[in-house]
Amino acid sequence: MPPTPTTPPPDAVIPERHPQAPAPGTHLGSHYEHCFGCGPQHPGGLRIDAVAGEGLDVTAEFIVRDVHQGGPGLAHGGVLTTAMDETLGTLNWLLHAPAVTGRLETDFLSPVPVDSVLHLRAWITGVRGRKIYSAAEGRIGGPDGPVAVRAQALFIQVKLEHFTTHGRPEDIEKVLDDPDLMKRARAFEVNP
């Protein structure tokens, strides 16, 4: 298969897990309560709660609800892509570096029915400069079940100002006023 923009280049490295990364088995929780991917306050959101793995990997589960369907009784492909993006994005906690999605490629291998649990796993495949390469898979029927969706991604490390400069002012203000969210955001400030 020819390389794509989400394929790590030959000089990419597998980095060390950051010493201040969440411990293995830690639930990573939501970075923002109204996030469509991980926020517990979003009424139609995915509510993904990733768990830090032993190395540079995370796991999560996504319960496909009625609000997530595209075709009758089946998960919408865009929603499945969002589940992959959210899970891949949590890998950045392990590097202790804020990053945003630069590119995401998703392959759909089988339909995902409503009321099913998609078992997600994501891992880092390489880092080069500010670019973080990663991959993920979603399985039905358990963590060892058949792969229903697969993804590769390129994330770009950014400074926290990326969010305060480009976010909607009233939402930024809510985050700044929330001591728990500010504590999580400040955890990243040690990285240049």
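Look up a bit, the structure's there.
First, a word on scope: everything that follows refers to the structure included in this document. Computed from a predicted structure; not experimentally measured.

The subject of this paragraph is the overall build of the chain. If you tally the helices and strands in the chain, you get five helices and six strands. Along the chain, helices and strands appear, N-terminal first, in the series β-β-α-α-β-β-β-β-α-α-α. Buried positions account for 41% of the 192 residues belonging to the chain. Contacts in the chain between residues far apart in sequence, at least 24 positions, make up 65% of those at least 6 positions apart. Of the roughly 10200 Å² that the chain leaves accessible, carbon and sulfur atoms contribute 56%.

Evaluated as defined, the whole model comprises three salt bridges. R103 serves as the salt-bridge partner of E105, at 3.1 Å between the closest nitrogen and oxygen. Across the salt bridge formed by R139 and E137, the nearest N and O atoms sit 3.0 Å from each other. The exposure class of E137 is buried, given its relative accessible area of 15%.

Right, let's talk about unusual backbone geometry for a bit. Of note, R47 is a non-glycine position whose phi angle comes to about 55°, a positive value. With respect to the secondary-structure elements, R47 resides in the segment before β1 (51–52).

The next point concerns the side chain of H18. By the element assignment, H18 lies in the segment before β1. Looking at H18, the relative accessible area reads 18%, which means it is buried. Within the local environment of H18, its side chain forms a polar contact with the backbone nitrogen of Q20, the two atoms lying 2.9 Å apart.

Core analysis: the largest hydrophobic core is formed by 35 residues, its most contacted members being F62, L88, L118 and L120. Of all the secondary-structure elements, those providing two or more residues to this core are β2 (57–63), α1 (77–89), α2 (92–95), β4 (117–128), β5 (131–140) and β6 (147–157). Not counting the four nearest positions on each side in its chain, F62 is found in contact with L46, I48, H68, V79, L80, A83, S116, V117, L118 and L120.

A word on the side chain of D57. Among the structural elements, D57 can be located in strand β2. Within the buried set, D57 has no salt-bridge partner at all; the shortest N-O distance to an opposite charge, 4.2 Å, is to R121. Here the side chain of D57 touches G55 through a polar contact of 3.2 Å, landing on its backbone nitrogen.

This part takes up the sheet that holds β6. In spatial order, the strands read β1-β2-β4-β5-β6-β3; together these six strands make up an open sheet with antiparallel pairing. For this open sheet the edge positions go to β1 and β3 (99–108), each flanked by a neighbour on one side alone. As judged from the seven bridges shared by β2 and β4, these two strands associate in the antiparallel manner. Looking across to β4, one finds that E61 is bridged to H119.

Topologically, A75 is positioned in the loop between β2 and α1. Once the C-alpha coordinates of A75 and P111 are considered, the two residues, 36 residues apart in sequence, prove to be 7.4 Å apart. If near-sequence neighbours (up to four positions away) are discounted, A75 is found in contact with V64, H68, Q69, G70, L80 and V112.

Definitions and cut-offs
- Residues numbered from 1 in each chain as written.
- Predicted model: local features only at pLDDT ≥ 70, side-chain atom pairs only at ≥ 80, totals over all residues.
- Heavy atoms only, no water.
- Helix = DSSP H or I, 4+ residues; strand = E, 2+ residues; numbered from the N terminus.
- Buried < 20%, exposed > 50% of the residue type's maximum accessible area, 1.4 Å probe, protein only.
- Contact = heavy atoms within 4.5 Å.
- Areas by Shrake-Rupley, 256 points an atom, 1.4 Å probe, with all protein chains shown as cover.
- Salt bridge = Lys/Arg side-chain N within 4 Å of Asp/Glu carboxyl O.
- Polar contact = N/O pair within 3.5 Å; in protein donor to acceptor, adjacent residues only side chain to side chain.
- Core = buried A, V, L, I, M, F, W, Y, C linked by side-chain atoms within 4.5 Å.
- Lys, Arg positive; Asp, Glu negative; His and termini not counted.
- Pairing = 2+ DSSP bridges.

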